[in-house]
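# What the coordinates show
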Amino acid sequence: MTILDQLAGYAKERVLEAKKKMSFEEMRRQALGLPKGSFSFEQALKKPGMSFICECKKASPSKGLIAPDFPYLIIAEEYEAAGADAISVLTEPKWFLGKDEYLKEIAATVSIPCLRKDFTVDEYMIYEAKCLGASAVLLICAILSEEQLREYGNICDELGLSALVEAHDEAEALKALRAGARIIGVNNRNLKDFTVDTENSRRLRELIPPEVLFVSESGVKTGEDVKRLREMGANAVLIGETLMRAEDKKKKLAELKGSL
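The residue numbering used here restarts from 1 in each chain and proceeds along that chain's sequence as written. Whole-chain, interface and lining totals are the exception, using all residues; otherwise, since this is a predicted model, local features are given only for residues with pLDDT of at least 70 and side-chain atom pairs are given and counted only at 80 or more. Excluding hydrogens and water, the side-chain values take into account all heavy atoms of the structure.

Going by what an unreviewed UniProt entry lists, the chain is known as Indole-3-glycerol phosphate synthase and is assigned to Fusibacillus kribbianus. UniProt positions are given in the numbering used here, feature names are shortened, and annotations may be inferred rather than shown by experiment. On record in UniProt, under Sequence similarities (unreviewed entry), the comment for the chain is "Belongs to the TrpC family."

Written out as structure tokens, the structure is:
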């Protein structure tokens, strides 16, 4: 069983527990009762030049504990002040030590859109993300069928949420396109063994039509990395560990932007 299989399996357990506290019908009712979103995450990625999605992440399966001290609201405010276009917030509790509360509080504090970074395995999690204040959710091709991707994308549209559809290989990228993805994130980290290869973005970029937003995820460490990804046609980069490990996050983000 891969790490991704374990993450998806645990997410299903979490949903079962969540439904005991609030039924699917009630969660859906609450989400639909909120004002429809404006797809602000997509809008943030459509601006000219490279957009930066900066991640609030305490730990990961591959690196273990990344940030023993985790003043997540301060980190989010630093990202916004430094010119981040969106913030990715980990809510997966077991391997990433995330919490739903992190997303809820960050989304209520910053004015830029927030992505709920989690392992969406049930439509319940999309309605839940809306109630937590997310502007976007992550849909991973490796754990969802094409039918699920399409169905979940339709739910996102109904709520005004953006869907970042993540692919790692050619078959997944084509599956995302068939399902109608408007934003495709290419993960340079193989979620089955957690190795990283930024050339993955280059290989898959050719498959993605220009009207579909293209996000390169994982392994972005330097301004040169950002420049290379921009030259290959990425609209945005999602940066986690590099920023989380930086003592001065404003300075680090400025460095990453500097070579554009």
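## Observations regarding the packing of helix H6 (residues 123-132) against helix H7 (residues 146-159)
Close contact between H6 and H7 brings their axes to 10 Å; oriented N to C, the two are set at 20 degrees. As judged from the angle between their axes, H6 and H7 are roughly parallel. Handedness of the crossing formed by H6 with H7: right-handed. Here Glu123, Ile126, Tyr127 and Lys130 of H6 come into contact with H7, specifically with Glu151, Tyr152, Ile155, Cys156, Glu158 and Leu159. The residue classification treats Ala, Val, Leu, Ile, Met, Phe, Trp, Tyr, Cys and Pro as nonpolar and Asp, Glu, Lys and Arg as charged. All others, Gly included, are polar. Class assignment for the residues of the contact of H6 with H7 results in six nonpolar, no polar and four charged. Orientation is described by axes fitted as lines to C-alpha atoms, over the contacting stretch for helices, and by angles from 0 to 180 degrees between their N-to-C directions. Numbering of helices and strands starts at the N terminus; helices are DSSP runs of H or I of at least 4 residues and strands are runs of E of at least 2. For classification purposes, angles smaller than 35 degrees are called roughly parallel, those larger than 145 roughly antiparallel, those between 65 and 115 roughly perpendicular, and all remaining angles oblique. Helix crossings get a hand from a simple test, with the near helix turned counterclockwise from the far one by less than a right angle marking a left-handed crossing and a clockwise turn marking a right-handed one. Only heavy atoms matter for contacts: two residues are in contact if any of them lie within 4.5 Å across the pair.

## Details of helix H12 (residues 249-258)
All of the buried residues in H12 are Lys249, Leu253 and Leu256. Down the axis of H12, the smallest arc covering the buried residues is 55 degrees, so these residues share one side. In H12, those exposed residues whose orientation departs by more than 90 degrees from the buried face are Lys251 and Gly258. Pairing of N or O atoms within 3.5 Å defines a polar contact, subject to two protein rules: one partner must be a possible hydrogen donor and the other a possible acceptor, and residues neighboring in sequence count only if both atoms are side-chain atoms. Capping the start of H12 is the job of one residue whose side-chain oxygen sits 3.3 Å from the backbone nitrogen of Lys250: Asp248. Three exposure classes are used, based on accessible area relative to the maximum for each residue type with a 1.4 Å probe and protein chains only: buried under 20%, partly exposed in between, and exposed over 50%. Within this analysis, the arc is defined by the directions that extend from the helix axis to the C-beta atoms.

## What to know about the sheet that holds strand E5 (residues 114-117)
With parallel pairing, the eight strands of this closed barrel are ordered in space as E1-E4-E5-E6-E7-E8-E9-E10. The average angle at which neighbouring strand axes cross in this sheet is 25 degrees, direction not considered. The sheet contact formed by strand E4 (residues 86-90) and E5 spans four bridges and is parallel. In the strand pairing of E5, Ser88 is matched with Leu115. Of the strands in this sheet, strand E1 (51-56) and E4 touch helix H4 (residues 72-82), which is tilted by about 170 degrees from E1. Of the strands in this sheet, strand E6 (136-140) and strand E7 (162-167) touch H7, which is tilted by about 180 degrees from E6. Strands qualify as paired when DSSP identifies two bridges or more between them.

## Here we look at unusual backbone geometry
In this structure, Phe39 is a non-glycine residue whose phi angle is positive, near 55 degrees. Tracing the chain through its elements places Phe39 in the loop between helix H2 (24-33) and helix H3 (40-45). Positioned with a positive phi, Leu97 is a non-glycine residue whose angle comes to about 55 degrees. Along the polypeptide, Leu97 turns up in the loop between E4 and helix H5 (100-109).

## Some details on the pattern of salt bridges
Any Lys or Arg side-chain nitrogen found within 4 Å of a carboxyl oxygen on Asp or Glu counts as a salt bridge. The full count for this structure, using the stated rule, is 18 salt bridges. Notably, a salt bridge pairs Arg14 with Asp118, separated by 2.7 Å at the nearest N-O pair. Taken together, the residues Arg14 in helix H1 (residues 3-21) and Asp118 in the loop between E5 and H6 connect sequence positions 104 residues apart. Each member of the pair, Arg14 together with Asp118, is buried. The partner of Arg245 in a salt bridge is Glu241, with the nearest N and O atoms 2.6 Å apart. It is possible to trace a salt-bridge network through shared partners that takes in Arg14, Asp100, Arg116, Asp118 and Glu128.

## Considering the layout of surface pockets
By volume, the largest pocket amounts to about 620 Å³. Here a cavity denotes grid points, spaced 1 Å and computed from the protein atoms alone, that fit a 1.4 Å probe unable to get out, and a pocket denotes an open set having protein on both sides within 12 Å along at least 5 of 7 lines; residues with an atom within 4 Å of a point are the lining. Around the largest pocket sit 24 residues that line it, and Arg14, Ala18, Lys21, Asp100 and Glu128 are the ones nearest its centre. Listed by contribution, the elements that provide at least two residues to the lining of the largest pocket are H1, H2, H5 and H6. When residues of the lining of the largest pocket are assigned to their parent elements, the largest contribution, eight residues, is made by H1. Along the lines of polarity and charge, the residues of the lining of the largest pocket split into 11 nonpolar, three polar and 10 charged. Grid points are joined across faces, edges and corners, and a volume is the space filled by probe spheres set on the points. If you add up the space inside the second largest pocket, you get close to 440 Å³. At the level of elements, E6, strand E10 (236-239) and helix H11 (241-244) are the ones that each hand at least two residues to the lining of the second largest pocket. Residue classes in the lining of the second largest pocket are distributed as 12 nonpolar, seven polar and 10 charged.

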